[in-house]
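Chain by chain, the residues:
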Amino acid sequence: MKLLPPGAAAALFAAGLALSPFASRAADAAGAERFIAALGDEVVSTLQRPDLTLEEAETQFRGVFRTNFDIPTIGQFSLGRYWRVASPTEREEFLLLFEEMIVETYARRFTEYSGQSFRVTGSREISERDVLVSTSIINADGQLVVVIDWRVRQRETGYQIIDVVVEQVSMGVTQRSDFNAVIQRGGGKVEVLLQALREQVQTAQQDG
Amino acid sequence: MGLALAGGACASSTGNGVYDPIEPFNRAMFQVNDAADFLVVRPVSETYRQVVPDPLQEMVTNVLRNLRTPVIVLNQLLQGDWEGAEVAATRFFLNSTVGVLGLVDIAGYGNPELAYESEDFGQTLAVWGVGDGPYLVLPLLGPSNVRDTAGRVVDIGSDPLTYTLNDDAALARNILTVVDARTQLLDPLDEVRRSSLDYYAAVRSLYVQSRDGEIQEGAAAEGEEFPDFEDFDDFEDFEGFDDPPPPTDSGEAGPPSNALLSESPPLREPPPPLVLDLDPRRNQPR
């Protein structure tokens, strides 16, 4: 995840404002589809190894997650309005715990792989820089298991996933709802969420 | 009744801004339901999944769906969705005949154009512009809202089977409906429980989102809403707007302890103008 120097980003932004045709340059849907297709192929080929241990799965998943998901953007979104309230140290710890929680929760899925394949079925632009790429997850016997949409953001540096929508349900929105409820019930303190996340991560690690 | 609910802007929420004014009551009811689920509904559904062969489970699903045809057609019509009504009627005739009394979904088999689509009066009200009203957890029935609860009552009243089935058949239908639905939710709900911190809030969000999805799918969508994922590094573009660092800030924040963070821009307060974007409701439909 390489970022443009701040000056360059600001300059690009200003240029975008000045030249609206340039600003409304559509997100590249075909490129986003190729990105998701390639990512899926990569993951499936890893999973086809029959001897994949949970530890290896975790390492693999973490690698894929870090490279292809925009964790800071997702994390910031799922903290919602409390992102503004959180102190820099809280934000930093939150992003670390958030990544850890996702990895611990979903890496296990990698070991449960049983011949599913996936197919990109289409895509549409949903904002100037975001494309929603639709995929179907298909069973070994050819049956549709689930429809998953990947919200892909296009940047100068490439594509990254910022949300996963499973059967119309956005992971980001659900997580934000979840996290905000924890904070609200904890009297508006972000620390309460951090504590809950620490415990969640710890439990998941012990189970593993 | 519908008119009373129509007040207020259409609260089709995609975020955590679910209107839940009686949350304490709902949470209590949610726990009661969860206990009933743990003791009865879930074990029955698990046994059902283990004991009943998959093709037979599918047939149960198909028959139950087929029986809902009158309500579906009625609501497609009320929503002005002629095509949808035609699809539902075609499915009914094909599946009730060639599909042997609805056991086999011959119409929808490999044919997405004749795939099953669920409709109910709650969705119709939504298409008519009625907001969802306060979130409600109904005893035994689970997540709902005021609009969908009213819709349920109308659905029961408008279903010819309410008046034609004898008591035993009606009971069997209701039990199978619950078991069928719960069986399909066994894995997804386990996943939600495992991955969420606040199960109640996560389920509430799931209900609202999948309901919105159904409504948009059915209606000739007035435009989908997508939450705005404010770009993390956008903050770099607005340096001038930055708030002064809060007092808890340890100066210019020590070196990040993680490779990921070290590539990220320094964490700082987002500028006020962007705050508006955090509420997905304010997102303009495309």
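Just so it is clear, the structure is predicted and the values come from calculations on it, not from any experiment. In every chain, residue numbers begin from 1 and rise along the written sequence. To read the labels, note that chains go from A and ligands from 1, taken in the order they are written. Local features in this predicted model are restricted to residues of pLDDT 70 or higher, and side-chain atom pairs are both shown and tallied only at a pLDDT of 80 or more, whereas totals for entire chains, interfaces and linings draw on every residue. With hydrogens and water set aside, each side-chain value is computed from the structure's full complement of heavy atoms.

**Describing unusual backbone geometry**
All names here are of chain B.
Inference 1: The residue L101 is not glycine, and still its phi comes out positive at about 55°.
Inference 2: With respect to the secondary-structure elements, L101 resides in the loop between helix 5 (82–97) and helix 6 (121–127).
Inference 3: Using a relative accessible area of 67% as the deciding quantity, one classes L101 as exposed.
Inference 4: Phi at L140 is positive, roughly 65°, even though this residue is not glycine.
Inference 5: Mapped onto the fold, L140 is located in the loop between strand 1 (135–138) and strand 2 (142–145). A helix here means a DSSP run of H or I that spans at least four residues, while a strand means a run of E at least two residues long, and both kinds are numbered starting from the N terminus. Relative accessibility thresholds used throughout: buried, under 20% of the residue-type maximum; exposed, over 50%; partly exposed, between the two (1.4 Å probe, protein chains only).

**With respect to helix 2 (residues 23–51) of chain B**
Inference 1: Given a residue, its bend is the angle between the two axes fitted to the seven residues that end at it and to the seven that start from it. Along its length, helix 2 of chain B reaches its greatest deviation from straightness, about 55°, at B:D37.
Inference 2: The complete set of buried residues in helix 2 of chain B reads B:E23, B:N26, B:R27, B:M29, B:F30, B:N33, B:D37, B:R42, B:S45 and B:Y48.

**A look at the environment of B:V52**
All names here are of chain B.
Inference 1: As for its position among the elements, V52 is in the loop between helix 2 and helix 3 (54–67).
Inference 2: Put simply, V52 and F92 are 40 residues apart on the chain and 25 Å apart in space, counted from C-alpha to C-alpha.
Inference 3: Only heavy atoms matter for contacts: two residues are in contact if any of them lie within 4.5 Å across the pair. Every residue in contact with V52, bar those within four places of it in the chain, is listed here: T47 and Q57.

**Topic: the confidence of the model for chain A**
Inference 1: Per-residue confidence from the predictor is given as pLDDT, running between 0 and 100. Summing up the model confidence of chain A, the mean pLDDT is 84 and the portion of residues at 70 or higher is 87%.
Inference 2: Taken together, the stretch residues 12–25 of chain A has pLDDT below 50 and engages in nine contacts with residues farther than four places along the chain or on a different chain.

**Some words on the confidence of the model for chain B**
Residues and elements named next belong to chain B.
Inference 1: Per-residue confidence for chain B gives a mean pLDDT of 79, with 72% of residues at or over 70.
Inference 2: Residue range residues 234–286 is modelled with pLDDT below 50. Its contacts to residues more than four positions away, or to other chains, number 98 contacts.
Inference 3: For this predicted complex, the interface confidence score (ipTM) comes to 0.81, while the overall pTM stands at 0.78.

**Here we look at the packing of aromatic side chains**
Geometry of an aromatic ring pair is reported as the spacing of the ring centres plus the angle between the planes.
Inference 1: Any two of the Phe, Tyr and Trp rings considered here, Trp counted by its six-membered ring, make a pair once their centres fall within 6.5 Å; the pair's planes then place it as stacked at under 30 degrees, edge-to-face at over 60, or tilted in between. Applying the stated rule across the entire model yields 13 aromatic pairs over all chains.
Inference 2: Between A:F61 and A:F65 the ring centres are 5.8 Å apart and the planes differ by 10°, which places this aromatic pair in the stacked class. One end of the pair is A:F61 and the other is A:F65, both in helix 4 (residues 54–68) and four residues apart, which spans about a single turn. A:F65 carries the same exposure label as A:F61, and that label is buried.
Inference 3: Centroid distance A:F94 to A:F179: 5.8 Å. Interplanar angle 90°. Geometry classified as edge-to-face. Separated by 85 residues along the polypeptide, A:F94 in helix 7 (residues 88–111) and A:F179 in helix 8 (residues 171–185) bring together distant segments of the chain.
Inference 4: The class of A:F94 is buried, set by a relative accessible area of 0%.
Inference 5: Three or more aromatic residues joined by ring pairs make a cluster, and in this case those are B:F30, B:Y135, B:Y199, B:Y200 and B:Y207.
Inference 6: For the cation-ring pair, A:R176 lies above A:F77, with the distance from its terminal atom to the ring centre recorded as 4.2 Å. Think of it as a cone above the ring: NZ of Lys or CZ of Arg counts as a charge over the ring if it is within 6 Å of the ring centre and within 35 degrees of the ring normal.

**Let's talk about the environment of A:L197**
Inference 1: Structurally, A:L197 can be placed in helix 9 (residues 190–207).
Inference 2: The exposure class of A:L197 is buried, given its relative accessible area of 0%.
Inference 3: For the pair A:L197 and A:L95, spaced 102 residues apart in sequence, the C-alpha to C-alpha distance is 11 Å.
Inference 4: In this structure, A:L197 is in contact with A:F94, A:L97, A:M101, A:F179 and B:L197, ignoring residues within four places of it in sequence.

**Considering the sheet that holds strand 4 (residues 158–166) of chain A**
Residue and element names in this part refer to chain A.
Inference 1: Strand order in this open sheet of five strands is 1-2-3-4-5, and the pairing throughout is antiparallel. Two strands bound the open sheet, and with one partner strand each, they are strand 1 (117–125) and strand 5 (169–170).
Inference 2: As paired elements, strand 2 (residues 130–138) and strand 3 (residues 144–155) share nine bridges and run antiparallel to each other. Paired with I137 across the two strands is V146, which belongs to strand 3. Being paired, for any two strands, means DSSP has found at least two bridges between them.

**Quick look at the packing of helix 4 of chain A against helix 7 of chain A**
Residues and elements named next belong to chain A.
Inference 1: Throughout, an axis means a line fitted to C-alpha atoms (over the contacting stretch in the case of helices), and angles, computed between N-to-C directions, take values from 0 to 180 degrees. Contact geometry for helix 4 and helix 7: axes closest at 8 Å, N-to-C directions at 125°. When the axis of helix 4 is compared with that of helix 7, the two are oblique. You can see that helix 4 and helix 7 cross each other, and the crossing is right-handed. Between helix 4 and helix 7, the residues in contact are L54, A57, E58, F61, R62, F65 and R66 and E99, E100, I102, V103, E104, Y106, A107, R108, F110 and T111, respectively.
Inference 2: A class-by-class count of the residues in the contact of helix 4 with helix 7 yields nine nonpolar, one polar and seven charged. In these notes the angle categories are as follows: under 35 degrees is roughly parallel, over 145 is roughly antiparallel, 65 to 115 is roughly perpendicular, and the rest is oblique. Each crossing is labelled by how the near helix is turned from the far one, with a counterclockwise turn of less than a right angle marking it left-handed and a clockwise turn marking it right-handed. Residues were grouped as follows: Ala, Val, Leu, Ile, Met, Phe, Trp, Tyr, Cys and Pro as nonpolar; Asp, Glu, Lys and Arg as charged; and all remaining residues, including Gly, as polar.

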